[in-house]
Amino acid sequence: MRDWPTLALIVLCYAGWAAATLWLPVTSLTLAIIVTALLVALQSSLQHEVLHGHPFRNQRLNEALVFLTLNLAIPYERFRDTHLEHHRDAMLTDPYDDPETNYIDPVIWERMPQALRAVMQWNNTLLGRMVLGPLIGQIRFMSDEWQLIREGDRDVQRAWALHVFAIALVIAWVTWFSAMPLWAYGLAAYGGLSLLRLRTFLEHQAHDSARGRTVVIEDRGLFALLFLNNNYHVVHHMHPRVAWFKLPRLFRSNRAKYLRRNHGYYYRSYRDVLARHLFRAKDPVAHPLWRGDQRQSPFPERIARRISARR
């Protein structure tokens, strides 16, 4: 057993989730929603840890531990596949080929209706990202996923079939066993996804050099635990198979190297992030360094290329 802290945290996460849905609503429904949201966010972080090969050497066993997606929104297998695509650092922030980017091709941006542009600009503040981000992200994600399903991608079809089964299990638990109303669980799931937007908000920036695109937020508080130290994000991208509990020590062992590596893209803490960006965007919605001649092929052709590559 090479990674007992991750296994222990998975067990504690599910035990806490069960308690928060079974018994805590009897005492305080508000507290139950808050605690469940925190645990939903933590389980998403644990899913991230699993897709990078933890806690066991047997990946099927790892994935069996987290396929039950508590946030209800993203199938584990789709999160796994798109996140591993995202780890091609040369493509970071690419409006087309980075599945996790929030940047938009400036040409597309110019064509957007003014009302939609206003919504997207608010979504580029931290408050907007946490309030609207889960909804906007889910709409964009499911639009891409539906296109893949229609084009016959069997991996995507399988992932969603498993996800429907997983959602049914979570809803059955909440409806038949827990003391939490289903609407309250939906609110907690949305809250968990909102918390994750705090982590992803600053993870990457537009930069001429791929090395300068990935952040360090030198925080070791509650949010660092909730996000399993992914605030040391450049360290994670350089060493994606290193376990979460080793990242802070790895950063401190050669702090100057990592900050040179990412061209000083750095925040002192999440308090610093909140103070600087709660109401203020960190950058524009349209990719500030994107040139028209970089534009990739239209969406359906891109989808077809990905399907062909998987067959």
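Up top you'll find the structure we're talking about.
Quick notes on the rules
Residues numbered from 1 in each chain as written. Predicted model: local features only at pLDDT ≥ 70, side-chain atom pairs only at ≥ 80, totals over all residues. Heavy atoms only, no water. Helix = DSSP H or I, 4+ residues; strand = E, 2+ residues; numbered from the N terminus. Rg over C-alpha atoms; globule rule 2.2 N^0.38 Å. Buried < 20%, exposed > 50% of the residue type's maximum accessible area, 1.4 Å probe, protein only. Contact = heavy atoms within 4.5 Å. Areas by Shrake-Rupley, 256 points an atom, 1.4 Å probe, with all protein chains shown as cover. Lys, Arg positive; Asp, Glu negative; His and termini not counted. Charge placed at Lys NZ, Arg CZ, Asp CG, Glu CD. Polar contact = N/O pair within 3.5 Å; in protein donor to acceptor, adjacent residues only side chain to side chain. Patch = residues over 30% accessible without salt bridge, like charges linked within 9 Å, V, L, I, M, F, W, Y side chains within 5 Å. Salt bridge = Lys/Arg side-chain N within 4 Å of Asp/Glu carboxyl O. Core = buried A, V, L, I, M, F, W, Y, C linked by side-chain atoms within 4.5 Å. Phe/Tyr/Trp six-rings, centres within 6.5 Å; stacked < 30°, edge-to-face > 60°.

Asks: I'd like a description of the overall build of the chain, backed by residues and values.
Replies: Along its length, the chain carries 17 helices and two strands. By the compact-globule yardstick of 19 Å for 311 residues, the chain fits well, its C-alpha radius of gyration being 19 Å. With respect to the three principal axes, the spread of C-alpha positions in the chain is 55 × 50 × 40 Å. Burial statistics for the chain: of 311 residues in total, 50% are counted as buried. Taking the contacts inside the chain whose residues are at least 6 apart along the sequence as the reference set, 70% of them involve residues at least 24 apart. As presented, the chain carries roughly 15,100 Å² of accessible surface, and 61% of it is formed by carbon and sulfur atoms. Distance from the positive charge centre (38 side chains) to the negative charge centre (26 side chains) of the chain: 5 Å.

Asks: Talk me through the side chain of histidine 87; I want residue IDs and the actual numbers.
Replies: One can find histidine 87 in the loop between helix H5 (76–86) and helix H6 (106–111). For histidine 87, a relative accessible area of 15% puts it in the buried group. Of note is the side chain of histidine 87, whose polar atom sits 3.1 Å from the side chain of histidine 236. In contact with histidine 87, not counting residues within four places along its chain, are His52, His236, His237 and Pro240.

Asks: Break down a positive patch on the surface for me, with residues and values.
Replies: A surface patch of like charges, here positive, comprises Arg2, Arg57, Arg220, Arg241, Lys246, Arg249 and Arg252. With respect to the helices, strands and loops of the structure, arginine 252 is situated in helix H14 (residues 247–253). Take arginine 252: its relative accessible area is 46%, and that puts it in the partly exposed class.

Asks: Lay out the environment of leucine 126 with the relevant residues and their values.
Replies: Following the sequence through the fold, leucine 126 ends up in helix H8 (residues 126–131). Sequence separation between leucine 126 and phenylalanine 227 is 101 residues; the distance between their C-alpha atoms is 17 Å. Leucine 126 has contacts with Arg197, Leu198, Phe201, Val273, Leu274, His277 and Leu278, leaving out every residue within four places of it along the chain.

Asks: Lay out the environment of glutamine 59 in plain terms, naming residues and giving numbers.
Replies: Locating glutamine 59 in the fold gives a position in helix H4 (residues 59–66). Given a relative accessible area of 25%, glutamine 59 falls into the partly exposed group. With 38 residues separating them along the chain, glutamine 59 and aspartate 97 place their C-alpha atoms 26 Å apart.

Asks: Which residues make up the nonpolar core, and what values do they have?
Replies: Core analysis: the biggest nonpolar cluster contains 44 residues, and Leu42, Tyr185 and Val273 have the highest contact counts within it. Looking at this core, the elements with two or more residues in it are helix H1 (4–22), helix H3 (29–51), H5, H8, helix H10 (154–177), helix H11 (182–200) and helix H16 (270–277). The leading source of residues in this core is H3, at nine residues. Each residue touching tyrosine 185, except ones within four places of it in the same chain, is listed here: Trp17, Thr21, Thr36, Val40, Leu70, Leu72, Val170, Val174 and Met180.

Asks: Could you give me a rundown of the packing of aromatic side chains, with the residues and numbers involved?
Replies: Per the counting criterion, the structure on display carries twelve aromatic pairs. Judged by centre distance (5.7 Å) and plane angle (40°), the ring pair of tryptophan 173 and phenylalanine 177 falls under tilted. You can see tryptophan 173 and its partner phenylalanine 177 sitting in helix H10, four residues apart, about one turn around the helix. When the centroid spacing of 6.0 Å and the interplanar angle of 15° are considered together, the rings of phenylalanine 223 and phenylalanine 227 count as stacked.

Any functional reading would require information beyond the geometric quantities listed.
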